[in-house]
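# Geometric and topological summary
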Amino acid sequence: MELVQMQKSLQDYTKSLFLEGVLDSQFLQLQQLQDESNPDFVSQVVTLFFQDSDRILNDLSLSLDQQVVDFKKVDPHVHQLKGSSSSIGAQRVKNACVVFRTFCEQQNVEGCHRCLQQVKQEYYLVKNRLETLFKLEQQIVASGGVIPAMELGF
Amino acid sequence: MVKVTKFVSSRPLVSLILLVVFGTIPIVIWCIATKNIRNNVDLLTEDLRSSLVSEIEIIGKFIYPKTNSSTISLARVIDSSITNNNTPFTEIQTQIAPVLFQAYSTFPQVSQVSYISTDGLLFSYITGLNTSFTVFANSSGGDYSWYTQTIDQRTGLLIGDATRSQPLNVTNTDWFHAAERDHTTAFVGTGLGGDDNEKLFQRVVSLDSKKGVVSLGFPVKYLTDALNRLDLHGGEICMWTKDGTVLVLESSQNASSFTPRDCSSGGVKEIKGSKFEAYCSVLEVSGVPLTYTLMSPNKGIGTSISHAAMYMLIFMAFYAIFWPLGFVVFMARAARREMDIRSTLINQMEATQQAERKSMNKSQAFAQASHDIRGSLAGITGLIDLCRQEVKPGSDVDASLQQMNVCTKDLVGLLNSVLDMSKIESGKMQLEEEEFNLAKLLEDVVDFFHPTAMKKKVDVVLDLHDGSILKSSNVRGDSGKLKQILNNLVSNAVKFTVEGHISIRAWAQKPGPKSSVVLASEPKGSTVSMFSKLMLCMNKDQSSSSSSSTYEKEISNSIRNNANTMEFVFEVDDTGKGIPVEMRKSVFENYVQVRETARGQQGTGLGLGIVQSLVRLMGGEISITDKAMGEKGTCFQFNVLLITSETPPVSDVEAGGGDYITTPNVGLTINTSSLVGGGGSMNIRQHLSPRFNNCLSSSPKQEASRVVLLIKDEERRRVTEKSIKILGIKVTVVEKWEHLSQALERLFGFSPQSSMESSLRNELSSTSSRELPLIGMDGVDSRSQIPRRRSASFSAFVLLMIDANAGPFPEMDDIVEQFRRGLHHGVVCKVVWLNEPNGRGSERGDICCLKPLHGSRLNRMLKMLPELGGIVPKQELQRESLLRHTLVAAAATSPKGTTSCEIQEESSSRYNKKLGKSVRTVPKPVGNSGDEQGMSNASYDALLKGKRVMVVDDNRITSSVATRKLKKMGVSDVRQCDNGKEAVRLVSEWLTQQGSVVDVLPFDYIFMDCQMPEMDGYETTREIRKVERKYGVHIPIIAVSGHDPGSREAKEAIQAGMDAFLEKDMNQNQLGKIIREIDSKRTVHATAE
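All of these numbers come straight from a predicted model, not from anything done at the bench.

## Some points on the overall build of chain B
When its secondary structure is counted, chain B shows 33 helices and 32 strands. When burial is assessed residue by residue, chain B has 46% of its 1089 residues classed as buried. When contacts within chain B are restricted to residue pairs at least 6 apart in sequence, those whose partners lie at least 24 apart make up 67%. Working note: accessible area of chain B is about 55,800 Å², and carbon and sulfur atoms make up 56% of it.

Put into structure tokens, the structure is as follows:
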């Protein structure tokens, strides 16, 4: 593939992620934090996010499947997930978490279940997209190109 | 007094005893006194009576003292003169009559002397009226007749004729017999003869020879006269003989009413009730016993005195009993009334309290409910967002969802206003102090409403008046609430304005006494506390309002006391329908809407009420000011008190520079020495010595830049012109696009090149280049008055600001193009098209500016002018025809110089270039905020360079992002820590290793996440502070949380001992600010120590 084309498609793809609201400006900030001294910063953080989120979602599913749901346990998980998703700019996950927390406060099991599904869905979406994004980047890097920086602001 | 009354009234026994004790003493004294008086009176009356009696007795004794003896001696004499047994009348006449006459003339007071023989012969001398006469009986012969004949007074011889008179059978009378029997007797009876038959005391003595009797008569009249002469002192006397003939009656009373016969002895008897006291006694007058009764009214005096005393006593007793009784009754009644009033008061107060409690509870419940509703609404919004992500953009569902979203937002807005209202009512509304830029805020508000208003073809104009806001635009206060106030007013204005414009004016002034009048207009209760206390139960709602007003007052006072306080006055002026005068006061009340104007507009009517409360909370007052006659619309004016923060001296103050007026917030540096205004600059010149003045005028003069304004809207044109003029820049205003080319020609149609070049040389040689822009001399006329010399340091600079909608765009574009071509060398021309967001842009690369041209945007444009720091690049001077000039470049080369690299700025421009975009829209960060950012960014490196920092966060991702950010900012060492306990352990370990003297802190800063499992940020901080205290150090801890800086969590963090509060995304500006704050505190500490 042509390098320029790949760069273009990466840009378009990133843009689409922002337009869909999967990511927000926080992700851009992350990208800005990445430089020569720490070239893999974004992917490191995102990988961490994936690891944590997998674990948290797993825990959440377990807690919510209990006969008696202990919301005191559920809430910190959601909080953490919200924190990490907002840190990497996974906007939709974060939004879902906000709703999730409202239900947690109301101790609404039904709502929590629905929200968990929602969060999971959003999470897999962002995971999928980000993985694709990284793949594209890797391809560009592999073919000796430079990853174009993203534009700020929408 | 009340106490005593109460005491007495409460114990009847005590009062009784008191009454008896105090009552008997005067009674006893009184009784004794009356008794004495009575005794005395009795004694006196007794004396009086006895003296009277003795007087009477003396009279009785001495009036006819020796009648008896005289009669007896007379009888003896007569007896001796009678010799034979049977004496004929002639013998009597010759022998006895002279003796009788002798007796008649010698005895005093005697009025009758007579001799009566047993055989009935009689001879007597009697005193008549004025005369004396004799009565004699001649019994010679058979007939027995009496004759009366007058006598000679001296001789006693009979004179005149004797007249026959009716004879009396004298010898057969009682007294005659009694005299014969007892030898002597006395009686009271009528005389023997005469017409008058006067009553006489008569003394009859029989002769020893039993031949007859001699009688002497004395008149009773003398006694009566003597007795009448007595002073009886109101008394009466009555005298009578044994047979009941009344002699003396000196009384109005009927004598018959007496019973004199009982009164034989001298005794005192009461007669006729109590009126008189009668004294009966027998008085013997010339042997006749006379009974008399002396009646004196004295008896009545004593009784009347005692009666009067008795009545008096009874009255006094009554008085003594009833007066205190009445007093007690009166006091009791008063006490009862007071009790009634008190109980009413208590009831009222209870009712008041209850009402207040109810109201409070209601407000609280209201707030609670609103809060809950808001929570649910937030959920709905979130869910809507989620749904919208699901659906295909552009579909019907998406549109519906969008509408739902709008509705929810409306609901939230409504709820917020209700919540605000209840918060204000329950007094929970508090101001959140934070630093903000007032000019920016105003601009934001106007920008926010501009598009909406423009849809209705209404322009929203920001008028900064004299620019005083810009000079002190960094203020501390509640920006959110101020914004709310402005938003409310402006949105109202937009809502009700159909045509025209809305202008928002603002200016700052020193808080004067004028603003304190505002407070005086508040409920009077707070000032007249006594009065308000009295009225407390009367008007409860007023008291509550006064309490809230005192709260407001406190706040405003605290603001007022600050020396840095400035009063900011805002005006929102629209050309809408206006508010009728009579409604002006009530529009600020809650739930009130002006019906006539509100038709077709929805709302709760809470807006202005909230606005007023908020304004008062900020120590100001809101009012509707009167507009000039004929002007439409409403003008709301309000003032607030805000603390201006000291603007730190910015690095660009150069030594030896002229008078710099720096307004760092706007990013404008105006380096003209006379910015005071047009008049000011002229004055300076006039006051200079003529020589210097010459020198000045001969020195090469800076040709001022000129701004040509073509704006359609009149108000905006006026305001823009003014605000540019304030900066000391000449403005030419063109009202219609048709006039544009004409105006341009007149202005710039000439410019001799030679003069320009010479002036350029002069300028270079001159060291003291002074810029004297001639302010106020705008327009074409002024051109002819000033020497036509071009400035040297900068070429003449023309800035065309043209409203793209002022006329047909292509034509205007052509005019500009022509003008530009016709320009001479050295004149730089820039064109700014004022455009609507999606308007057309110029292809030639002119600068386009979004429409609301005001505030920072205007300043940014003006910054291109050389006076305001814009430098026209050399190459541009060379290639004037190519007037492409990007704003970014202008900003980058400005003397303020963002020499330090600004990441975002740089990158964004890099991206822009990469993306091949021409800089059409002005990138956001450029301008005031950009400058600030650049500045603060420059200091980040210095601030954080080489620092060691600990990040405490349970979330690995957040933690590593933060770490990375900090490293980027120059932090040398970041220690990540994923829970609170670990953090505490690390700190304490370090401190114990250091020993007793800690020179180096373990970390320069700790960034602490607030919500962590096991041990949260607050707890951790407390622990760390505890450990620190032993070593006397203080590690700055900065809280990092997802909440707002003004939220409860933030306050909790500060309470827990953290130094500052930072939002989770770790905005670099904020971080920089916080770190500076902490550092400044620390240095203060250090110097203090």
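More follows now that the structure is in view.
## Overview of the overall build of chain A
Along chain A, the regular secondary structure elements total 6 helices and 0 strands. Here chain A holds 154 residues, and 51% of them are scored as buried. Contacts spanning at least 24 positions in sequence make up 70% of the contacts within chain A whose residues lie at least 6 apart.

## Some details on the pairing of strand β24 (residues 730-734) of chain B
For a regular strand, side chains alternate in direction, first toward one face of the sheet and then toward the other. Here β24 of chain B lies mainly inside the structure; 4 of its 5 residues are buried. In the classification by handedness, the crossover that spans strand β23 (residues 706-710) of chain B, the intervening helix α19 (residues 714-726) of chain B and the parallel β24 of chain B is right-handed.

## A few points about the side chain of threonine 34 of chain B
Within the secondary structure layout, threonine 34 of chain B lies in helix α2 (residues 12-63). Among the polar contacts listed, one links the side chain of threonine 34 of chain B to the backbone oxygen of cysteine 31 of chain B, at a separation of 2.7 Å.

## Observations regarding the pattern of salt bridges
Tallied over the entire structure, the rule returns 24 salt bridges over all chains. Ionic pairing is found between arginine 129 of chain A and glutamate 20 of chain A, a salt bridge with its closest N-O pair at 2.4 Å. Here glutamate 20 of chain A lies in helix α1 (residues 3-20) and arginine 129 of chain A lies in helix α6 (residues 109-142), a separation of 109 residues in the sequence. Overall, the relative accessible area of 36% leaves glutamate 20 of chain A in the partly exposed class. Aspartate 463 of chain B is the partner of arginine 718 of chain B in a salt bridge, and the nearest nitrogen-oxygen pair spans 3.9 Å. Of this pair, arginine 718 of chain B sits in helix α19 while aspartate 463 of chain B is found in strand β15 (residues 459-463), placing the two residues 255 residues apart along the sequence. Residue aspartate 463 of chain B is classed as buried on the basis of its relative accessible area, which comes to 2%.

## Topic: the sheet that holds strand β31 (residues 1037-1041) of chain B
Within a beta sheet, neighbouring strands are joined by backbone hydrogen bonds and run either parallel or antiparallel to one another. All names here are of chain B. Spatially, the 5 strands line up as an open sheet ordered β29-β28-β30-β31-β32, and their pairing is parallel. For this open sheet the edge positions go to β29 (973-977) and β32 (1060-1063), each flanked by a neighbour on one side alone. With strand direction ignored, the average angle separating the axes of adjacent strands in the sheet is 25°. As judged from the 4 bridges shared by strand β28 (residues 948-952) and strand β30 (residues 1005-1009), these two strands associate in the parallel manner. Residue pairing for β30: methionine 950 is matched across the bridge by isoleucine 1006.

## A few points about the interface of chain B and chain A
Between chain B and chain A, the residue contacts involve 25 residues of the former and 36 residues of the latter. Taking both partners together, chain B and chain A bury about 2,900 Å²; carbon and sulfur atoms supply 55% of that area. Applying the counting criterion to the chain B and chain A interface returns 0 salt bridges. At the junction of chain B with chain A, the criterion picks out 6 residue pairs in polar contact (both at pLDDT 80 or more). Looking at the side of chain B that touches chain A, the elements that each hand over two or more residues are α7 (298-390), α27 (903-914) and α29 (956-968) of chain B. The element best represented in the side of chain B that touches chain A is α29 of chain B, accounting for 8 residues. Residues of the side of chain B that touches chain A, tallied by class, amount to 6 nonpolar, 10 polar and 9 charged.

## Let's talk about unusual backbone geometry
Look at glutamine 107 of chain A: it is not a glycine, yet its phi comes out positive at around 60°. Looking at where glutamine 107 of chain A falls in the secondary structure, it is placed in the loop between α5 (91-106) and α6. Residue glutamine 107 of chain A is classed as exposed on the basis of its relative accessible area, which comes to 52%. For histidine 183 of chain B, which is not a glycine, the phi torsion comes out positive at approximately 75°. By the element assignment, histidine 183 of chain B lies in the loop between α5 (174-182) and β6 (184-190). Given the relative accessible area of 30%, histidine 183 of chain B is considered partly exposed.

## Describing the environment of isoleucine 56 of chain A
Residues and elements named next belong to chain A. Residue position: isoleucine 56 is located in helix α3 (residues 41-65). Residues isoleucine 56 and leucine 81, spaced 25 residues apart in sequence, show a C-alpha to C-alpha distance of 7.1 Å. Contact partners of isoleucine 56, with chain neighbours within four places excluded, come to His77, Gln80 and Leu81.

## Section: the sheet that holds strand β1 (residues 112-117) of chain B
All names here are of chain B. With antiparallel pairing, 8 strands are arranged side by side in an open sheet as β5-β4-β3-β2-β1-β8-β7-β6. A single partner strand is all that each edge strand has here, and the edge strands are β5 (163-165) and β6. Across the sheet, the mean angle separating the axes of adjacent strands is 25° when strand polarity is ignored. Relative to strand β4 (residues 145-150), strand β3 (residues 132-138) is paired through 6 bridges, and the arrangement is antiparallel. By the bridge assignment, alanine 137 is partnered in β4 with tryptophan 146. Each of β1, β6, β7 (199-206) and β8 (212-219) touches α5; the most contacted strand, β6, lies at about 165° to it.

## Section: the packing of aromatic side chains
Going through the model one piece at a time under the given rule, you end up with 17 aromatic pairs over all chains. Judged by centre distance (6.3 Å) and plane angle (35°), the rings of phenylalanine 101 of chain B and tyrosine 104 of chain B are tilted. In this pair, phenylalanine 101 of chain B and tyrosine 104 of chain B are both assigned in helix α4 (residues 89-106), 3 residues apart and thus about one turn of the helix distant. Considered together, phenylalanine 101 of chain B and tyrosine 104 of chain B belong to a single accessibility category, that of buried residues. For the ring pair tryptophan 175 of chain B and phenylalanine 176 of chain B, a centre distance of 6.4 Å and an interplane angle of 70° mean the geometry is edge-to-face. Just as tryptophan 175 of chain B is buried, phenylalanine 176 of chain B falls in that class too. Residue placement shows lysine 127 of chain A over the ring face of phenylalanine 50 of chain A; its charged tip is 5.6 Å from the ring centre. Residue placement shows arginine 964 of chain B over the ring face of phenylalanine 41 of chain A; its charged tip is 5.4 Å from the ring centre.

## Observations regarding helix α31 (residues 1017-1031) of chain B
Residues and elements named next belong to chain B. Across its 15 residues, α31 extends 21 Å between first and last C-alpha, which sits within 8% of the 21 Å expected from 1.5 Å per residue. All buried positions along α31 are accounted for by Gly1017, Tyr1018, Thr1020, Thr1021, Ile1024, Arg1025, Val1027 and Glu1028. Residues of α31 that are buried in the fold lie against α30 (980-994), β30, β31 and α32 (1048-1055). One or two residues past the end of α31 sits glycine 1032, with phi positive at roughly 70°.

## Details of the confidence of the model for chain B
Residue and element names in this part refer to chain B. The pLDDT averaged across chain B works out to 69; a share of 66% of its residues lies at or above 70. Taken together, the stretch residues 648-702 has pLDDT below 50 and engages in 85 contacts with residues farther than four places along the chain or on a different chain. Ignoring residues within four places in sequence, the model shows residues 872-939, a span with pLDDT below 50, making 91 contacts including any to other chains. Interface confidence in the predicted complex, given as ipTM, is 0.84; pTM for the same model is 0.40.

## Here we look at a nonpolar patch on the surface
On the surface, Leu19, Met310, Tyr311, Ile314, Phe318, Ile321, Phe322 and Leu325 of chain B cluster together into a nonpolar patch covering about 800 Å² of accessible area. Summarising the element assignment, phenylalanine 318 of chain B is placed in helix α7.

## As for the pairing of β28 of chain B
Residues and elements named next belong to chain B. Summarising burial for β28: 4 of the 5 residues are buried, a large majority. As defined by bridge partners, β28 adjoins β29 across 5 bridges and the pair is classed as parallel. Residue pairing for β29: valine 951 is matched across the bridge by glutamine 976. In this region the chain leaves β28, passes through α29 and returns to the parallel neighbour β29; the handedness of that crossover is right-handed.

The rules behind these values
- Residues numbered from 1 in each chain as written.
- Chains lettered and ligands numbered in written order.
- Predicted model: local features only at pLDDT ≥ 70, side-chain atom pairs only at ≥ 80, totals over all residues.
- Heavy atoms only, no water.
- Helix = DSSP H or I, 4+ residues; strand = E, 2+ residues; numbered from the N terminus.
- Buried < 20%, exposed > 50% of the residue type's maximum accessible area, 1.4 Å probe, protein only.
- Contact = heavy atoms within 4.5 Å.
- Areas by Shrake-Rupley, 256 points an atom, 1.4 Å probe, with all protein chains shown as cover.
- Right-handed = clockwise from strand over helix to strand, strands pointing away.
- Polar contact = N/O pair within 3.5 Å; in protein donor to acceptor, adjacent residues only side chain to side chain.
- Salt bridge = Lys/Arg side-chain N within 4 Å of Asp/Glu carboxyl O.
- Pairing = 2+ DSSP bridges.
- Axes fitted to C-alpha atoms, helices over the stretch in contact; angles between N-to-C directions.
- Buried area = accessible area lost by both parts, 1.4 Å probe.
- Nonpolar A, V, L, I, M, F, W, Y, C, P; charged D, E, K, R; others polar.
- Phe/Tyr/Trp six-rings, centres within 6.5 Å; stacked < 30°, edge-to-face > 60°.
- Lys NZ or Arg CZ within 6 Å of the ring centre and 35° of its normal.
- Expected span 1.5 Å × (residues − 1).
- pLDDT = per-residue confidence, 0-100.
- Patch = residues over 30% accessible without salt bridge, like charges linked within 9 Å, V, L, I, M, F, W, Y side chains within 5 Å.

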